[in-house]
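# Observations on chain architecture
Each chain, written out:
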Amino acid sequence: MAAWALWVLALLGLAAVPWFDHLMLQAGRPELAQLNASTIPYLLAIVVAATVGAVLASRLPRHPVGWLLLALGLSVTGSGVADGYARYGLVARPGVLPAARWVASYSPATTVIGLALVGFVLLLTPTGSLPSPRWRWWARVAAAAPVVFVVALTVGPGLVIPPYQSAVEPVTIPALAGPVVVAIVGAFFLTVAGLVVGAGSLVARFRHARGVERQQLRWLALAAALTGVGAAVVGIGMAMGGTAVPLFAAGLCLMLLPLATGAAILRYRLYDLDRIISRTLAYGLLTVLLGGSYAVVALGLGELIGRDSSLVVAAATLAVAASFQPVRRRVQDAVDRRFNRRRYDATQTIAEFGDRLRQQVDLDTLTAELLAVAGQTMQPTSVSLWLRPAHPGTAA
C-alpha cells in the first residue's frame, strides 16, 4: 500500500510541472516553461521507472531495488516541482511564493540524489544485496556523497544554476568557501563514479553467477546492449540535426533499464530470453525481406503494367502472402541455428528420436533413449521414468 501511495505522489508531482508552466504563461514568461519536446520522453521514462518500482516494492517489499526506483521517480519529479516553484517565485513573479530562494538553492541536490539512486539500483540488482562484503566500503562512500553535497549547499557557496543567477545570492560562510567548493565538486564526481562502479558490479556478478542469477543478469545485459544502440541513434540523429528520432530513442533507452530490472528481479519469463531474441531477429529480418520483395514486385510489374493499376498491388500482395510461411520457416531456422542453438539442437534431437521411435519395439531401449533425450533437451537436474503397470488381462 505504501509503495502505491508513493507512486501516486510521484505522478502528482509530475502533474504539478505543467501547472507551473501554465502559471509562467500567465505571467508572460513562456521561456521559463519546463515542458517541451525534449523533456516529454524523459518524463515518460520516469513514469515507467516509478511504476516498475511500485510493482517490485508491493510484491517484494524486502527487496530494496523497488523502493530505490520509487525514490528515483520521486527525486526527479521533486526536481521538476522545485524548479517550477523557484522559477515562478523568483523570476516570473518575485516574492509571490515563500522560501523560493531556498528551493532554488537546493534544487541541484535532486539531480545528485537521483544519480546516486541509479548507482545503487545497479549495485544491488538482481539479488538486493551487494555482490560481496568487500563492496561495503564503496556503498558507504556512495551513500555519503549526496549527503555531503546537501550539507555543502547549506553552509557554503550555493550552486546557483540558470535562471536564478540574478535572483539568488550564494549562501556563504566565507571561512568555509574553499573547502565547500571542493566538497561540492568531489561529491558530484563520486556520485557520477557510482554509475560506473554500479555497471562494473553487474559485470563482476555475471562472471561469477550461475543458474537463475545468470539468467537475470542476461536480461540486464540485453537492456544495456539495446541502450547502447539507442545511444548511438541519439548521437547520429543529433549530429544530423534531427530531433524527433533522437528524443524518442533517448526516452526508449531510459525506459529499457527499469523494465529489464523489473523483469529480472520478478523472474518474469526468465528462461525465454533466447526465444525472445531469436523471434525479434527473425521477424525483423522477415519484415525487411518481405518488404523488399513487395517493393521489387510492385516496381517490376508497375513498369510493365502501369504503376496506377490495381493489378500491381494485388499481385505484389499475393506474392508476399504466398511466400510468407516458407520464408518465415527458413529465416527462423537460420536464426535459431545462429542465436538460439539450444532450441535448434533440441528440435533436431526430438525429430531424430521420433524417427527412431517408429522402428523401435524394445521397451528397455525406448526407456533409455527417452531418458537420454529428456536430459539432453531439457537439461534437468534429475530425470526418471515411471511406467504404469499393466492391468491383469491386458497386453503389456
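Cut-offs and rules
- Residues numbered from 1 in each chain as written.
- Predicted model: local features only at pLDDT ≥ 70, side-chain atom pairs only at ≥ 80, totals over all residues.
- Heavy atoms only, no water.
- Patch = residues over 30% accessible without salt bridge, like charges linked within 9 Å, V, L, I, M, F, W, Y side chains within 5 Å.
- Areas by Shrake-Rupley, 256 points an atom, 1.4 Å probe, with all protein chains shown as cover.
- Salt bridge = Lys/Arg side-chain N within 4 Å of Asp/Glu carboxyl O.
- Helix = DSSP H or I, 4+ residues; strand = E, 2+ residues; numbered from the N terminus.
- Buried < 20%, exposed > 50% of the residue type's maximum accessible area, 1.4 Å probe, protein only.
- Core = buried A, V, L, I, M, F, W, Y, C linked by side-chain atoms within 4.5 Å.
- Phe/Tyr/Trp six-rings, centres within 6.5 Å; stacked < 30°, edge-to-face > 60°.
- Lys NZ or Arg CZ within 6 Å of the ring centre and 35° of its normal.
- Axes fitted to C-alpha atoms, helices over the stretch in contact; angles between N-to-C directions.
- Left-handed = near helix turned anticlockwise from the far one by under 90°.
- Contact = heavy atoms within 4.5 Å.
- Nonpolar A, V, L, I, M, F, W, Y, C, P; charged D, E, K, R; others polar.
- Lys, Arg positive; Asp, Glu negative; His and termini not counted.
- Polar contact = N/O pair within 3.5 Å; in protein donor to acceptor, adjacent residues only side chain to side chain.
- Parallel < 35°, antiparallel > 145°, perpendicular 65-115°, else oblique.

On the surface, Val181, Val185, Phe188, Phe189 and Val192 cluster together into a nonpolar patch covering about 410 Å² of accessible area. Position of Phe188 relative to the elements: it lies in helix 6 (residues 177–208). Residue class for Phe188 comes out partly exposed when judged on its relative accessible area of 34%.

Our focus in this paragraph is the nonpolar core. Among soluble globular proteins, nonpolar side chains are generally buried collectively. Membership of the largest hydrophobic core comes to 19 residues, with the highest contact counts inside it found for Leu56, Val65, Leu68, Leu69, Phe120 and Leu123. For this core, the secondary structure elements donating two or more residues are helix 2 (40–59), helix 3 (64–92), helix 4 (100–124), helix 5 (136–155) and helix 8 (244–266). Core analysis: the second largest hydrophobic core is formed by 11 residues, Met24, Val91, Ala92 and Ala100 among them.

Opposite charge on two side chains lets them pair, provided their charged atoms get close. Applying the stated criterion to the full structure yields 3 salt bridges. A salt bridge links Arg205 to Glu213; the nearest nitrogen and oxygen atoms lie 3.7 Å apart. The exposure class of Glu213 is partly exposed, given its relative accessible area of 23%.

Attention now moves to the packing of aromatic side chains. This model, assessed by the stated rule, comprises 6 aromatic pairs. Between Trp19 and Phe20 the ring centres are 5.2 Å apart and the planes differ by 55°, which places this aromatic pair in the tilted class. A cation sits over an aromatic face here: Arg214 above Phe206, 4.1 Å from the ring centre.

With their axes 8 Å apart at the nearest point, helix 5 and helix 6 run at an angle of 145° to one another. Seen along the crossing, helix 5 lies across helix 6 with a hand that is left-handed. Across the interface between the two elements, Trp138, Val141, Ala145, Pro146, Val148, Phe149, Ala152, Leu153 and Val155 from helix 5 touch Val180, Ala183, Ile184, Ala187, Phe188, Leu190, Thr191, Ala193, Gly194 and Val197 from helix 6. In the contact of helix 5 with helix 6, the residues fall into 17 nonpolar, 2 polar and no charged.

Once that is clear, we can look at the side chain of Asp21. Among the structural elements, Asp21 can be located in helix 1 (residues 2–26). Nearest to the buried, unbridged Asp21 among oppositely charged side chains is Arg87, at 6.7 Å. In terms of polar contacts, Asp21 uses its side chain to reach the backbone amide nitrogen of Leu35, at 2.9 Å. Beyond its immediate stretch of four places on either side in the chain, Asp21 contacts Ala33, Gln34 and Leu35.

Turning to the packing of helix 4 against helix 6, a few remarks are in order. Taken N-terminus to C-terminus, the directions of helix 4 and helix 6 make an angle of 15°; their axes are 7 Å apart at the nearest point. The angle between the axes of helix 4 and helix 6 places the two elements in the roughly parallel class. The element helix 4 and its partner helix 6 pack so that their crossing is left-handed. The segment helix 4 lies against helix 6, with Val112, Leu115, Ala116, Val118, Gly119, Leu122, Leu123 and Leu124 engaging Phe188, Thr191, Val192, Gly194, Leu195, Gly198, Ala199, Ser201, Leu202 and Arg205. Classifying every residue of the contact of helix 4 with helix 6 by side-chain character gives 12 nonpolar, 5 polar and 1 charged.

Distances and angles like these do not, on their own, reveal function.
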